[in-house]
Amino acid sequence: MTVARRGPSITRMVSYVLVGAGARGKDAYGRWIARNPSKARLLAVAEPREARREQCAAQNAIPTGERFADWRELLARPRRADACIVATQDHEHVGPALAAMGAGYHVLLEKPMAVTEQDCRDLVTACERHGVVLRVCHVLRSTPFFAAMRNAIASG
């Protein structure tokens, strides 16, 4: 773990494990982490599709023993990072997010948070019970399409 001072604030390298190495997981988060080693490090990946898992592992220099076909195996082991990125299919978000929070990870959860109201409530309850941070990532809000929609609505 690296801590660097810049002015009055402290910048700290954050370590992650990744559940779901598809377009969002491998190509967005994984690629950004690989390009920013002073800010973040990806320590493990869980992805059922071997090719995606191995591509993500290669791009982030993840050791063979930290590559998992199933998120259950990854999250059953002792906590190895600060946070867990959950970038699975929408209907598969809740299981790994709950398991990650139960293991003590802070969670960055790809949107939607869940597909049912009860699952959303269960995620918030788990976050509070385990004292971890749960953040839902809404990356599309920054795309040109949504920026144009926001501007059109704001202009009346």
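Bear in mind that the values here come from a model prediction, so they are computed numbers and not experimental data.

Asker: For the side chain of histidine 93, give the residues involved together with the corresponding values.
Answerer: Residue position: histidine 93 is located in the loop between strand E6 (83-86) and helix H4 (94-102). Engagement of the side chain of histidine 93 in a polar contact is seen with the backbone oxygen of proline 112, the distance being 2.6 Å. Discounting residues that sit within four places of it in the chain, histidine 93 has contacts with Val86, Thr88, Leu109, Glu110, Lys111, Pro112 and Met113.

Asker: How would you summarise the pairing of strand E8 (residues 134-137) if you had to cite specific residues and measurements?
Answerer: As paired strands, strand E7 (residues 106-110) and E8 are joined by 4 bridges and run parallel to one another. Bridge assignment links glutamate 110 to a residue of E8, and that residue is cysteine 137. Following the backbone out of E7, through helix H5 (residues 117-130) and into the adjacent parallel E8, one traces a crossover that is right-handed.

Asker: Tell me about the side chain of lysine 26, residues and numbers included.
Answerer: Relative to the elements of secondary structure, lysine 26 occurs in helix H1 (residues 23-35). Judged by its relative accessible area of 11%, lysine 26 falls in the buried class. A distance of 3.4 Å separates a polar atom in the side chain of lysine 26 from a polar atom in the side chain of glutamine 55. Not counting the four nearest positions on each side in its chain, lysine 26 is found in contact with Leu18, Gly20, Ala21, Arg31, Arg52, Gln55, Cys56 and Gln59.

Asker: How would you sum up the packing of aromatic side chains? Please name residues and give values.
Answerer: For the structure shown, the criterion picks out 0 aromatic pairs. It is arginine 24 that lies over the ring of tyrosine 29; its NZ or CZ is 5.6 Å from the centre.

Asker: I'd love a proper account of the pairing of E7, names of residues and values included.
Answerer: Side-chain direction in a regular strand flips from residue to residue, so the side chains alternate between the two faces of the sheet. When E6 meets E7, the two strands line up parallel, connected through 4 bridges. Considered in E7, the bridge of alanine 83 is made with histidine 106. In the classification by handedness, the crossover that spans E6, the intervening H4 and the parallel E7 is right-handed.

Asker: So what's going on with the confidence of the model for the protein chain? Which residues, and what values?
Answerer: For the protein chain, the average pLDDT comes to 89, and 90% of its residues sit at 70 or higher. Per-element confidence in the protein chain is highest for strand E5 (residues 67-68), whose mean pLDDT is 98, and lowest for strand E1 (residues 3-6), whose mean pLDDT is 44. Here residues 1-8 is a poorly scored stretch, pLDDT under 50, and it has 13 contacts once near neighbours within four places are set aside; other chains count.

Asker: Any details on the layout of surface pockets? Residues and values, ideally.
Answerer: Quantified by volume, the largest pocket comes out at close to 410 Å³. As for the largest pocket, its lining consists of 24 residues, and the residues nearest its centre are Arg49, Ala87, Thr88, Gln89 and Glu92. When contributions to the lining of the largest pocket are tallied by element, the ones reaching two or more residues are H1 and helix H3 (71-76). Here the residues of the lining of the largest pocket sort into 10 nonpolar, 4 polar and 10 charged.

Scoring rules and cut-offs
- Residues numbered from 1 in each chain as written.
- Predicted model: local features only at pLDDT ≥ 70, side-chain atom pairs only at ≥ 80, totals over all residues.
- Heavy atoms only, no water.
- Helix = DSSP H or I, 4+ residues; strand = E, 2+ residues; numbered from the N terminus.
- Polar contact = N/O pair within 3.5 Å; in protein donor to acceptor, adjacent residues only side chain to side chain.
- Contact = heavy atoms within 4.5 Å.
- Pairing = 2+ DSSP bridges.
- Right-handed = clockwise from strand over helix to strand, strands pointing away.
- Buried < 20%, exposed > 50% of the residue type's maximum accessible area, 1.4 Å probe, protein only.
- Phe/Tyr/Trp six-rings, centres within 6.5 Å; stacked < 30°, edge-to-face > 60°.
- Lys NZ or Arg CZ within 6 Å of the ring centre and 35° of its normal.
- pLDDT = per-residue confidence, 0-100.
- 1 Å grid on protein atoms, 1.4 Å probe; cavity = no way out; pocket = protein on both sides within 12 Å on 5 of 7 lines; lining within 4 Å.
- Points joined across faces, edges and corners; volume = space filled by probe spheres on them.
- Nonpolar A, V, L, I, M, F, W, Y, C, P; charged D, E, K, R; others polar.

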